[in-house]
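Spelled out from the first residue to the last, the chains are:
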2 protein chains.
Amino acid sequence: MRQSKLFTKTKKEVPTDEMSKNAELLLRGGFIHKEIAGVYSYLPLGLSVLNKIENIIREEMNAIGGQEIVMTALQNPELWKKTDRWDDQKVDIWFKTKLKNDTELGLGFTHEEPLTNIMKNYISSYRDLPCYVYQFQTKFRNEIRAKSGVMRTREFMMKDLYSFSKDEKEHNEFYEKSKEAYKNIFKRVGIGHLTYITFASGGSFSKFSHEFQTVSATGEDTIYINEENNVAVNKEVCDDEVISSLGLEKNKLVEKKAVEVGNIFTLGTRFSDALDLTYQTEKGDKKPVFMGSYGIGPARLMGAVVEVLADDKGIIWPESIAPFKVHLLSLGEEENVKKQAEYVYDTLMKKNIEVLFDDRKGISPGEKFAEADLLGMPYRVVISARSMKDNGIEIKKRNEEKGQSVSLEELLKLLASNH
Amino acid sequence: MRQSKLFTKTKKEVPTDEMSKNAELLLRGGFIHKEIAGVYSYLPLGLSVLNKIENIIREEMNAIGGQEIVMTALQNPELWKKTDRWDDQKVDIWFKTKLKNDTELGLGFTHEEPLTNIMKNYISSYRDLPCYVYQFQTKFRNEIRAKSGVMRTREFMMKDLYSFSKDEKEHNEFYEKSKEAYKNIFKRVGIGHLTYITFASGGSFSKFSHEFQTVSATGEDTIYINEENNVAVNKEVCDDEVISSLGLEKNKLVEKKAVEVGNIFTLGTRFSDALDLTYQTEKGDKKPVFMGSYGIGPARLMGAVVEVLADDKGIIWPESIAPFKVHLLSLGEEENVKKQAEYVYDTLMKKNIEVLFDDRKGISPGEKFAEADLLGMPYRVVISARSMKDNGIEIKKRNEEKGQSVSLEELLKLLASNH
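Residues numbered from 1 in each chain as written. Chains lettered and ligands numbered in written order. Predicted model: local features only at pLDDT ≥ 70, side-chain atom pairs only at ≥ 80, totals over all residues.

Focus on the relation of the copies chain B and chain A
Superposing chain B onto chain A takes a rotation of 180 degrees plus a shift of 0.0 Å along the axis, which leaves an RMSD of 0.0 Å. Such a turn and shift between the copies fits a two-fold axis. In terms of proximity to the rotation axis, the leading residue of chain B is B:Thr97, whose C-alpha is 2.6 Å off the axis. Here 100% of the contact residues of chain B are again contact residues in chain A; the copies associate through an equivalent surface. (Least-squares fit on C-alpha atoms with pLDDT ≥ 70 in both. Contact = placed C-beta atoms within 7 Å.)

Quick word on the packing of helix H2 (residues 44–63) of chain A against helix H8 (residues 298–309) of chain A
All names here are of chain A. Their axes nearest at 9 Å, the elements H2 and H8 cross at an angle of 115 degrees. Taken together, the axis directions place H2 and H8 in an arrangement best described as roughly perpendicular. Considering only the axes of H2 and H8, their crossing is right-handed. Seen from H2, the contacting residues are Val49, Leu50, Ile53, Glu54 and Ile57; seen from H8, they are Pro298, Ala299, Leu301 and Met302. Grouping the constituent residues of the contact of H2 with H8 by class yields 8 nonpolar, no polar and 1 charged. (Axes fitted to C-alpha atoms, helices over the stretch in contact; angles between N-to-C directions. Helix = DSSP H or I, 4+ residues; strand = E, 2+ residues; numbered from the N terminus. Parallel < 35°, antiparallel > 145°, perpendicular 65-115°, else oblique. Left-handed = near helix turned anticlockwise from the far one by under 90°. Nonpolar A, V, L, I, M, F, W, Y, C, P; charged D, E, K, R; others polar.)

Observations concerning the sheet that holds strand E5 (residues 95–98) of chain A
All names here are of chain A. Taken in spatial order, the 3 strands make up an open sheet running E4-E6-E5, and their pairing is antiparallel. In this open sheet, the two strands that pair with only one neighbour each are strand E4 (74–75) and E5. Bridging between E4 and strand E6 (residues 104–107) involves 2 bridges; their strand directions are antiparallel. Its bridge partner being in E6, leucine 74 is matched across the sheet by leucine 107. (Pairing = 2+ DSSP bridges.)

A short note on the packing of H2(A) against helix H5 (residues 168–188) of chain A
All names here are of chain A. Between H2 and H5, the least distance of the axes is 9 Å, while the angle of their chain directions is 155 degrees. With respect to H5, the element H2 is oriented roughly antiparallel. Where H2 crosses over H5, the handedness of that crossing is right-handed. Contacts between H2 and H5 pair Ile56, Ile57, Glu60, Met61 and Ala63 from the former with Ala181, Asn184, Ile185 and Arg188 from the latter.

From the geometry alone we can't say anything about function, so treat these as descriptive.
Below, the structure is given as structure tokens:
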């Protein structure tokens, strides 16, 4: 796309009330817009990142048998009363609203209740199990504080998958598969090397849940990492008993700040008991369905990528989720430069390479370079009077210092090889 | 996909409080689930239809220069007070909620205010105009009654595009383009032949707005159609003066019930004045931006398709938005039938033809036929002992009475030809 047509622009500064690096860079780059504290709109570049993250998650969920649906934000209190999660004293992050006839409704912060209720229509026999259902849907959470940019917000898209199994054994098989799917996701979005599967509180449901924690100086959580076997323990649960029960050694654990980028929970029969989701076994007995839940927030992932990969010049997007693979800069007003830049742009478009073409006039090379660094596309390709004297084109990776001079043919070869 | 794996099932009956044909068929088919009155979740088959409709709309919006973003449901009252649309006396469909500190927030029923506010960051000069911004985003409308199935709901996905132009002339050019884009959308989803561009009230913004009305016996609106030039007038505004001002003749107008499937509005400077969205002209003057808005609800479109195309056996999906192009039925338990059905399924999958494979055991042919009719895929392909005695495969279009006996090669040719 031509940058001259993109309606957003970068900014030199952002309001001083934004404390987090991710929000600062995403706001300056025009990826997002802040509506109120903890509530962000996604502008074209930001939506593109979000969509790419979602598609990666979707592929991984489909690969483990997930079936996609979409539930609603508006929630019927009757279901939540049955599980004792309606009362504001019990759940303190509800947003609530009312119908015209004064009936109270909630705005869903999670969806165990409505999905368990839906599944009552479709699960009655052992033949209907196991099954795995997920959605990408907007959650609302009435957080008291929201100061971590897009990582902790009051309204956000979440992927939540729920598993329905005959028993704990069948559940555990899927639970292990889901761990691998999650690992794939973090690897594919570019933070796999910094992300640890972490033992965390299982709440009222089971002994442990598992979080995926990405090491980040600005993370809200503290974890203890055992590098040898690539696991961690959340500080919340990390006492001597837990450490030894996991076969870990206290003196090998390293404390780090981290951000939770995903979590998986064994729910057991907590919701199926309360909402009466049962099935008939092969022998004819009636048993409650054994459940699990698996959450991941694409925007939080986006924020985490910015936090941990950015440098002091701006964002560095991994190629898998960058809005464009290439940022093509046309520098200077010389006719032959502009013509060559247009030709390179056309050629890349024809090859289906995603390219943002900075074709704007009256912007200095220094400004264009600074903006390309802020926006963080993986490859910066420059056409200028200087590049034309050399092989024609200069290409530089965003995360490397030095570029190289190449011909168009070499450029295409480089970009095709996907490094 | 294998129907044996699909978690939803069809139902013979639905709750008697569903009055509308679209909700009845969509609920029976397992396309949707009713959470509360006017609030529906979309299950795998329903979400698939919705996604296909959305993609058609997205393509048409991109083709006229739209840039996609996504704004938020949670709304800051300050913006809406400036346009005098916050007060419940003025706008009677707000859902409202509160932050923990008691600050009131709204749930957006439309997005002129927040987008105008966003654009203040990006529009300052005539060089920034025109521009067109759209989203697919969940709207909340606190309707008193909700009894038209998925066609009038309290929570629904909407595509809303907003245009920002230098003046009325530039606006009108885009407005005309948008009409063509909308016509393409209705044509592509299969209701173009029943849909009329209809003069309707312009509200406080301009003399007329334009609605797209699809003729339907169960529609909420009444329109007067002039078949000759393919236009209609909404009853709301259809008086002698309007008829003659549009160059129509009263005696050629035919009254019909219809459902509004889209609308486009000239907003003028109503919002840019109130929220101070201005630009500097080439001469250096300051002028308010001239705006328009363009709405379409994918779920309402889905409901309208069901209402106007279904027959007494069930839904008839146009190929462009059907969850699957082919419903493949394996009838009977004979080994050679089952083997052939599996082979046909594999072959279609390899050709990237979308196919729902009814591989379920213990379901009678009559039941499978009835379900295929209810679910409404464009092509029904049957493998049975009888078909195997003939050319091997029976194929029948959902909207035709008679099928034909074909070989696998002929089947592939038929399905590739896209009729």
